Each structure stands twice: as structure tokens, then as C-alpha cells.
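If you want the building blocks of each chain, they are given just below.
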Amino acid sequence: MTSTRVTLTDVATAAGVSVSTASRALTGRGDLKPRTRNLVLRTASELGYDAGETTKGRPTTLDLRLIELVLGSFDDAWTDAIVAGARQGAFEHGFDLVLTLERDDPADDWPARVARRRPSGVILGIIRPTTRQLEELALARIPIVLLDPQSDPQGRVASIGTTDWQGGYDAGTLLAATAVERFAVVCGTPAFRFGRAREEGFRAAIADHRGDVLVSRVDSTWSAADVTPELRRVLTESDTPIGVFACNDEMALSVYRTAKAVRRRIPQDVSVVGYNDEPRATLVDPALTSVRQPLEAMAARAVQVVSELRVAGQERFDRIELPTRLIVRGSTLPPRSAE
């Protein structure tokens, strides 16, 4: 194998470490155990790894004033809150914030654009970076933080999210305490990590509080959720009241539209709980009960983590989770004991 064909990922895999750890060992950056650093250096030498071509033409220092926030879009309530939190966090830590859009065009790859600008760190919001993209940033010695990642980084990259399982459990506990006799969960597709955790928490709460009552499942899109035949069927297959947990507010609002279409009342016939607590949750009638994510606090914490990673490197990263909070409004029936 020639040196030009050996990648940083090859070195990391052969040494049994993360790409970021391999990068720090090869560049002499960060606080690594001597055994780990020597292992990586020896592995790179044995494989014939040469980073010269990869870093050719790039600056060798980070811009101490810039943090990049990379998102797939900038046109919804989720991203509005994330940008606001990141902007505030950047201000408090003395950084300027750059917004970068992940484009569909494979010829316009965002890691290359980021690497050319050499920011002090990168925050990736709710996107799934490839191994090659992470390697591109690691080679540029740019700290990375994943914000609400779609899949579990398993300690290889710093990540920040919320207590998704607990949020789903709180939603289930609330609905289980009401007079509803059936339950359903509306899940987003693809089945991202946070969606699975929310569904699992909800099902656990129903099992704990209502025994073996069946929970129906309806699949939906994460955005632009529409009224579907399956959702109509779940709401109308019985005249008994049903409690529905939707894994985001967009899907919860599709439950509203479906209930109206099939002449079911909220909350008397259909009790609904959403997730995210977007501003529009208070604009519908009745106002939507929802699990609130501390989105601005998450983004601000991501900036803080970037600042910390610039000073000290790490080999493994514990996931940081900020607590959710259930906001009860008019879309759910009161507990049976309060009737």
C-alpha cells in the first residue's frame, strides 16, 4: 500500500482509536497517554501514512475567533432556536459565528469549505457526517461537536442532546393517567436515534402504568407530516378515547388535522402530546401539550464544549444530555383523579 492511499481512518482503525485521537497523536496536540500516542505513531509508520499531501496548502493554525454551525436547513423553528443559542454562546465565549449550509450537491462538500476557513471548531446540527467528512475536519485539527446527532457516535465524537427517552416516558405517564383507553405513537422515518429513544420511553411508561395495553404505531415523515390513511384508521378503529404521542410537533399537528377530518374532538376523543414545544404549539386550538427541548441551551453548551476541546483533547467523549420538560396544555385530558 502506497503512502498516498493510506488515510487517517486507516491508521485509526488499525490502532483501535478514534479518528480524532489519531489526528491528535500524529500532530502532537492534546493530552494523550504516551502509550496511545506511541501506538498511533508506530501504526502510521508501519502503514506508510503521510499527511503531507492532505494538509498541503492549508494554514497550520486555527482561527481563534470563528465557530461554524453546520445545518441542513435554516427555515424552521428548530434551527431558529439552535442559531439563537449558538449566537449567544459564541458571544459569551468571544467567538464569531459562521452559518454553513449542508447542500445536496456532492461536488460542493461542506467539510472542504470549513477546512479552508479554519475555524476554531465546528458544531454539526442534526446531520449525519460520514467517516470521510469527519476525517477531513480531524486532519485540519478542527474540534467537532455533534448537536442532537441522528445516530449514536459511540464516544468517538463529542455530542450534545436531550433526555429523549425520559421525554417520551413523561409523555406516556401523562397520557396513562387520563381516561383514554387506547394509545398510539407517531414515529418519524427514517428512524433516527432520538426518535427511537422517544418511542421506547413512551412505551415503557404505558407498560409501567397501564400494564399490557396495546400501543399502535404510525409511521410519518419528520417534516411536512400529512394526514395518512394509517393515522385515520388508528383514530377511527374504535369509539373509545385514544392517547397519541407524536415524536415531534409537526407530527402532532398532523394528528390535529386528522382528528378534524374524521370528526374526532381534541382532547375528549383524542389526547395529543407532541415533542419540541415549538412556538406554534400555543397557536393551535386547543394549545398543544408538548415535551420541551432546551434547544438554545443545547447550542450554547455546544459552543462551550468547542472552547474546551481547543484547550485539551480527549480520547473518548461522554454524551452530554440536557433535561426535557413536559409542558401541559389543553390537548390532553386531565388525570382521572382530578376529574
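Everything discussed here concerns the structure shown above.
Computed from a predicted structure; not experimentally measured.

(A) Seen up close, the overall build of the protein. The helix and strand tally for the protein stands at 12 helices and 12 strands. Across the 339 residues that make up the protein, the buried fraction comes to 52%. A separation of at least 24 residues holds for 74% of the contacts in the protein among residues at least 6 apart in sequence. Accessible surface computed for the protein: about 15700 Å², of which carbon and sulfur atoms make up 50%.

(B) Just unusual backbone geometry, in detail. That bond from I266 to P267 is cis: its omega, 10°, falls within 30 degrees of zero. Tracing the backbone through its elements, the reader meets P267 in the loop between α11 (249-261) and β9 (270-276). Cis geometry marks the peptide bond from D285 to P286; its omega dihedral reads -5°. Tracing the sequence through the fold places P286 in the loop between β9 and β10 (289-292). Positive phi, close to 120°, is recorded for N276, a residue that is not glycine. Note that N276 resides in strand β9. N276 sits in the buried class, given a relative accessible area of 10%. The residue D277 is not glycine, and still its phi comes out positive at about 55°. Its relative accessible area of 12% is what places D277 among the buried residues.

(C) Here's a closer look at the sheet that holds strand β6 (residues 182-189). One open sheet holds the six strands; their spatial order is β7-β6-β8-β9-β10-β12, and the pairing between them is mixed. A strand with exactly one partner marks an edge of an open sheet, and here the two such strands are β7 (215-221) and β12 (325-327). In this sheet, neighbouring strand axes are inclined to one another by 20° on average, regardless of whether the strands run parallel or antiparallel. Sheet topology note: the strand β8 (residues 242-246)/β9 ladder contains four bridges and is parallel. In the strand pairing of β9, G243 is matched with S271. Its contacts with the sheet put helix α9 (residues 193-210) on β6, β7, β8 and β9, and the angle it makes with β6 is roughly 170°. Contacts between α11 and the sheet are confined to β6, β7, β8, β9 and β10, with β9 contributing the most and set at about 160° to the helix.

(D) Local environment of the packing of aromatic side chains. Under the counting rule described, the total for this entry stands at six aromatic pairs. Ring geometry for W165 against Y169: centres 5.2 Å apart, planes inclined by 20°, an arrangement best described as stacked. In this pair, W165 and Y169 both sit in helix α8 (residues 164-176), four residues apart, roughly one turn of the helix. A relative accessible area of 37% means that W165 is categorised as partly exposed. With a centroid separation of 5.3 Å and 70° between ring planes, the pair formed by F194 and W222 is classed as edge-to-face. With F194 in helix α9 and W222 in the loop between β7 and α10 (229-236), this residue pair connects regions lying 28 residues apart in the sequence. As far as burial versus exposure is concerned, F194 and W222 are alike and both buried. Taken together, the ring pairs connect F192, F194 and W222 into an aromatic cluster. A cation over an aromatic ring shows up here: R198 above the ring of Y275, its NZ or CZ 3.8 Å from the ring centre.

Cut-offs and rules
- Residues numbered from 1 in each chain as written.
- Predicted model: local features only at pLDDT ≥ 70, side-chain atom pairs only at ≥ 80, totals over all residues.
- Heavy atoms only, no water.
- Helix = DSSP H or I, 4+ residues; strand = E, 2+ residues; numbered from the N terminus.
- Buried < 20%, exposed > 50% of the residue type's maximum accessible area, 1.4 Å probe, protein only.
- Contact = heavy atoms within 4.5 Å.
- Areas by Shrake-Rupley, 256 points an atom, 1.4 Å probe, with all protein chains shown as cover.
- Pairing = 2+ DSSP bridges.
- Axes fitted to C-alpha atoms, helices over the stretch in contact; angles between N-to-C directions.
- Phe/Tyr/Trp six-rings, centres within 6.5 Å; stacked < 30°, edge-to-face > 60°.
- Lys NZ or Arg CZ within 6 Å of the ring centre and 35° of its normal.

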